Every structure is written in structure tokens, then in C-alpha cells.
Amino acid sequence: MSTPVPSNQPPTPATSSDVIVPPSFEEQLHKFWTNYSRPIYIVCVIVFAAIVAKGGYDMYLNSRENQIGADYAAASTSEKLKTFAAAHSGHQLAGVAKLRLADEAYLAGNYSQAALDYQASVDVLKTGPFASRARLGSAMAKLQAGQTAEGESQLKQLANDDKQLKVVRAEAAYQLASQAAAAGRSDEALKSLDQVMMVDQGGTWAQRAMMLRSTLPAPTAINLPAKP
């Protein structure tokens, strides 16, 4: 009679050929590089090309800005300023060129052209001291050209805009006062002069406001109804 084999017999020891040895780091790295070296090369080439392209574009922009600056510096006559502004339309220096042309037209008494050039300067410059001066010039040119309502409206906007430079607001308010005084609107002129004093206390326009005030009649008295 044969002897049964015990069910709890220990497993047969594994031989050296059955043991699974994990690959070393060097082997893993080699396998990764074999599988992905081409995509990595492609990505590196793309990144390098982007860096070179950006550097080249920045160099182009710097060179272009330097050339525009040189062209502006060489625009020493009205015709050259016009040519420069047309060639570099939309550039900040083109806005400055338009401002210079507007000043020339204003001094020459060509107020309609001055108003157009001042507005063209504002359209390019948008904000800043030069844009504020162009807005003020536009208003004054329109007044001189007979566009009184539009010019005074622009002056009021400037005088009431606390984002503008104080000197610009003060001059706008003074010009409003001067316009009102010339038209015989003394009470309106006095209100604008008060605004000048508040905005530019002790400044040049405040001093001029005091001189203009001395030429105006006293404010109109308000007669209250008598008590019954």
C-alpha cells in the first residue's frame, strides 16, 4: 500500500534561473531613451527655434524703434513731419508729430486744420501729458474756428476731469471763464474762475483768474420773495 503525499509539503526551492531581477536604473534609462529619444529631440528643436525666433523678433523691434526715433529726429520741417506721421501712422511719435503740426497750424491762424491735427494726435496718444495738451489745443482751435459750442464742451470735460493734470484743468476752466466773460455771462465766468482757484491754488492760472475776476461785475443778487 502506497503512502499518501502530505498536503502541506513545502514548495520546491526556486532555482537561480527562476528569480526575477528588476532592471537597474541604467537599464531603465537606456530603454526610456531608446523609446523616446526622437520625440525629445523634436521638442528640444521646437523650443530652441522658438527662443531664437523670439530673440530675433525682439532684435527686429529694437532696431525698428531705433530707426523710427532717428526718422522722427530728422523730421525738421513741416513737410517731413507730415511724411513721418503718414509713414508711421499709429506710432506714438506719429502722435507727437501731429501735435507739432497742429501747433504750427494754430500759430499760422489755420484753426480748422489745427483742430483736425490736434484730434489726430489725441487718437494716437490716447493718454498722457501730450494727449492732454492736444485735447486742450483741439478745444481752443475749435473756439477760434467758430465752433463755440463744441469747443466749450471740450473745455468743460477737461476742467471737470480729475484724471487730467491740474495745470490742464486750470487752463481749461480759465478759458471757459474768459469765453463767458467776453459773451457777457458774468455769473458763469465767476463760477469757472472759482474752479480755477480750487484746482490751481497759487498757480499761474489762479493769478490770471484773480486778474480777470477784478474786471467782472459783482455776482447777481438773488431776490427772495418777501414774507407775507
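Residues numbered from 1 in each chain as written. Predicted model: local features only at pLDDT ≥ 70, side-chain atom pairs only at ≥ 80, totals over all residues. Heavy atoms only, no water.

### Concerning the overall build of the protein chain
Here is step 1 of the chain: Of regular secondary structure, the protein chain possesses 9 helices and 0 strands.
Here is step 2 of the chain: Counted from the first residue to the last, the protein chain has its helices and strands arranged as α-α-α-α-α-α-α-α-α.
Here is step 3 of the chain: Across the 228 residues in the protein chain, those meeting the buried criterion constitute 30%.
Here is step 4 of the chain: As presented, the protein chain carries roughly 15,800 Å² of accessible surface, and 60% of it is formed by carbon and sulfur atoms. (Helix = DSSP H or I, 4+ residues; strand = E, 2+ residues; numbered from the N terminus. Buried < 20%, exposed > 50% of the residue type's maximum accessible area, 1.4 Å probe, protein only. Areas by Shrake-Rupley, 256 points an atom, 1.4 Å probe, with all protein chains shown as cover.)

### Side note on the nonpolar core
Here is step 1 of the chain: Core analysis: the largest hydrophobic core is formed by 24 residues, its most contacted members being Leu155, Ala172, Tyr174, Leu193 and Val196.
Here is step 2 of the chain: Listing elements by their share of this core, those giving two or more residues are α5 (129–144), α6 (148–160), α7 (166–182), α8 (186–199) and α9 (204–213).
Here is step 3 of the chain: Ignoring anything within four residues of it in the chain, the contact list for Tyr174 reads Leu193, Val196, Trp205, Arg208, Ala209 and Leu212. (Core = buried A, V, L, I, M, F, W, Y, C linked by side-chain atoms within 4.5 Å. Contact = heavy atoms within 4.5 Å.)

### Side note on α6
What sets the pattern is the α-helix's 3.6 residues per turn: residues three or four places apart point alike.
Here is step 1 of the chain: Helix length check: α6 (13 residues) gives 18 Å between terminal C-alpha atoms against 18 Å at 1.5 Å per residue, within 8%.
Here is step 2 of the chain: Along α6, the residues that are buried comprise Gly151, Glu152, Gln154, Leu155, Leu158 and Ala159. Along α6, the residues classed as buried sweep out an arc of 160° about the axis, all on the same side. In α6, those exposed residues whose orientation departs by more than 90 degrees from the buried face are Ala149, Gln157 and Asn160.
Here is step 3 of the chain: Its buried side turned inward, α6 meets α4 (111–125), α5, α7 and α8. (Expected span 1.5 Å × (residues − 1). Arc of directions from axis to C-beta.)

### Here's the deal with the side chain of Ser121
Here is step 1 of the chain: If you trace the backbone, Ser121 turns up in helix α4.
Here is step 2 of the chain: Judged by relative accessible area, Ser121 falls into the buried class, the value being 0%.
Here is step 3 of the chain: A polar side-chain atom of Ser121 sits 2.8 Å from the main-chain carbonyl oxygen of Gly95.
Here is step 4 of the chain: Excluding residues within four positions of it along the chain, Ser121 makes contact with Gly95, Lys98, Leu99 and Ala134. (Polar contact = N/O pair within 3.5 Å; in protein donor to acceptor, adjacent residues only side chain to side chain.)

### Digging into the side chain of Ser132
Here is step 1 of the chain: Secondary-structure assignment places Ser132 in helix α5.
Here is step 2 of the chain: Overall, Ser132 belongs to the buried group, its relative accessible area being 5%.
Here is step 3 of the chain: For Ser132, the contacting residues outside a window of four places in its chain are Gln164 and Val168.

### So, unusual backbone geometry
Here is step 1 of the chain: Of note, the phi angle at Lys126 is positive, near 65°, even though the residue is not glycine.
Here is step 2 of the chain: For Lys126, the location among the structural elements is in the loop between α4 and α5.

### Some words on the environment of Gln175
Here is step 1 of the chain: Looking at the element boundaries, Gln175 is found in helix α7.
Here is step 2 of the chain: Ignoring sequence-local partners within four residues, the contact set of Gln175 consists of Met140, Leu155 and Trp205.

Read these as spatial facts, not as claims about activity.
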